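# Report on the structure
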Amino acid sequence: MSYLLAFDQGTTSSRGIVFDREGRIASVAQQEFEQLFPQPGWVEHDPNAIWASQIAVAAEAVDRGGLTRRDIAAIGITNQRETTIVWDRKTGQPVYNAIVWQDRRTAGFCDQLKRDGCEPMVREKTGLLIDAYFSGSKIRWILDHVDGVRERAERGELAFGTVDAWLIWKLTDGQTHVTDATNASRTMLFNIHTGDWDDDLLGLLGVPRSMLPEVRSCSEVYGRTSGASFDAEVPIAGIAGDQQAALFGQMCVEPGMVKTTYGTGCFMLLNTGRQAVVSDNQLLTTVAWKIGDEVTYALEGSVFVGGAVVQWLRDGLGLISSSAEVEALAAQVDDTGGVYLVPAFAGLGAPYWDPYARGAIVGISRGTTAAHIARAALCGIAHRVADVLDAMQADAGRTATQMRVDGGASANNLLMQFQADILGVETVRPTCIETTALGAAYLAGLAVGYWDGLDALRGLWRAERTFKPDMDAAQVRESRRKWADAIGRAKGWRDESG
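Let me begin by describing the structure that accompanies this report.

Reading guide: rules and limits
- Residues numbered from 1 in each chain as written.
- Predicted model: local features only at pLDDT ≥ 70, side-chain atom pairs only at ≥ 80, totals over all residues.
- Heavy atoms only, no water.
- 1 Å grid on protein atoms, 1.4 Å probe; cavity = no way out; pocket = protein on both sides within 12 Å on 5 of 7 lines; lining within 4 Å.
- Points joined across faces, edges and corners; volume = space filled by probe spheres on them.
- Helix = DSSP H or I, 4+ residues; strand = E, 2+ residues; numbered from the N terminus.
- Nonpolar A, V, L, I, M, F, W, Y, C, P; charged D, E, K, R; others polar.
- Salt bridge = Lys/Arg side-chain N within 4 Å of Asp/Glu carboxyl O.
- Buried < 20%, exposed > 50% of the residue type's maximum accessible area, 1.4 Å probe, protein only.
- Phe/Tyr/Trp six-rings, centres within 6.5 Å; stacked < 30°, edge-to-face > 60°.
- Lys NZ or Arg CZ within 6 Å of the ring centre and 35° of its normal.

### Here we look at the layout of surface pockets
Roughly 920 Å³ of internal volume is contained in the largest pocket. What lines the largest pocket is a set of 41 residues, and nearest its centre among them are Tyr262, Gly263, Thr264, Gly408 and Ala409. Among the secondary structure elements, those contributing two or more residues to the lining of the largest pocket are strand 2 (13-19), strand 3 (25-32), helix 10 (242-249), strand 15 (258-262), helix 11 (308-315), helix 12 (326-330) and helix 15 (435-447). A total of four residues in the lining of the largest pocket trace back to one element, the largest contributor, which is helix 11. Partitioning the lining of the largest pocket into residue classes produces 13 nonpolar, 19 polar and nine charged. The space that makes up the second largest pocket amounts to roughly 570 Å³.

What follows is the structure, encoded as structure tokens:
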């Protein structure tokens, strides 16, 4: 029996996950890598550390499953999006660290673009708001701030890629420079209507076209791993940015279906089918996936800090020694004791888009304990997701009846129950919460004929638990009112000078 291998390259760790024909996990391996914070608001990764950790866990996952490389029918790749890497085409060495999606160093430049009246054009072509979140301004920063890099780029010596493109370049020993439509749609350089890089956007941001990868569909054979990189020639056959991969892995394949992934950040996507819906409520219009020549679109709301607030409780405050302990600590109290924690550590994403917001804890009294802080942190995650669903429902003109959830923090029952309560919507967790990796595996499997089509995949999705709303409506309204007050206190905390 053959298997599929997913490369799940995330913001804080790399994972390799092997799936069988039933969509079940056969084996998994994970490795964290170093987070670099050169200045406040800056977040970087070492691209070579990303590669080393990812190839190591891929090999480990295969070995743990008692398999050989030849048992792998295909590889699917899903990745942290927007994170920007520029490297030398000849040597394969990065010219600078990867600038992570959370990084805010280009916020001032993006503000200037807005003042110059560029946002309507950018939004019409890309479906995005102008923000430091996306890759385009990060590429420009590297070109303008690393000695000699712009000149080398103009000579065609450098390549840009999001993490998927970087991994494929490494897997194929520099023979293949490609990305997919989902990752391309997050760069602020890609026209989601024409399906190509856009010369107006390239000119606006000063990015040479020669740097860019070829944009392909999400499910096709892009190339094969080299013997040097993977000890076997295995087809690389699926790519999708992490959130789009999760939407596909959740089988939200019909218009109107919605999912939220609880990872380092929280990301909600609503399938809008073949229509690229323009948001009136500060959401993003993005490519959900492209299979063959058919493009499916989605509305997306991004919360920059989700599960990362639990890491902060662990590493920054020392309240817990492992992330898994947060639920037990939070359960020591019945409520937050009036404490609200706004996890705006890297600014606020949808629907606020305030890069100068910062985290805030309000409502502290002498009676506040570590348990109250832990519970407020979990509730803060749920409130931010509710902010996004409110905006999404307004755009869609209808109320959601169900939200499918996945990602590491979705295993937290206390968080999921509060999420259902505060949304007033059933929150459904599948048997496999690793739907980001599963989506990449599905896309790769479809490309090599591992499954016959979408109907075969629909039958693999199974619910593990449904959380039903169980909070008094007046209590929900009061909690949301106080949350809005807390958000107001976190906004605009920093200015451009810091």
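### Things to note about unusual backbone geometry
Cis peptide bonds are those with omega within 30 degrees of zero, and the linkage from Ala350 to Pro351 qualifies with -5°. Mapped onto the elements of the fold, Pro351 is located in the loop between strand 19 (340-342) and strand 20 (360-362). Positive phi is not limited to glycine here, since Glu82 has a value of about 70°. With respect to the helices and strands, Glu82 occurs in the loop between strand 5 (72-79) and strand 6 (85-88).

### With respect to the pattern of salt bridges
As enumerated under the stated definition, the model contains 36 salt bridges in all. Note that Glu464 and Arg429 form a salt bridge whose closest N and O atoms lie 2.7 Å from each other. One end of the pair, Glu464, is in strand 23 (residues 463-467); the other, Arg429, is in strand 22 (residues 426-430), and 35 residues separate them in sequence. Judged by relative accessible area, Glu464 falls into the partly exposed class, the value being 44%. Residue Arg429 is classed as buried on the basis of its relative accessible area of 6%. Taken together, the shared-partner salt bridges in this structure form one network comprising Arg81, Glu82, Arg186, Asp242 and Glu300.

### Quick notes on the packing of aromatic side chains
Counted according to the given criterion, the structure contains 18 aromatic pairs. One aromatic cluster in this structure is built from Trp101, Tyr133, Phe134, Phe267, Phe304 and Trp353. Here the guanidinium or amino end of Arg81 rests over the ring plane of Phe267, the centre of that ring lying 5.4 Å away. When the ring centre of Trp42 is taken as origin, the NZ or CZ atom of Arg105, which lies over that ring, is 3.7 Å away.

So far we have only geometry, and geometry alone does not tell us how the molecule works.
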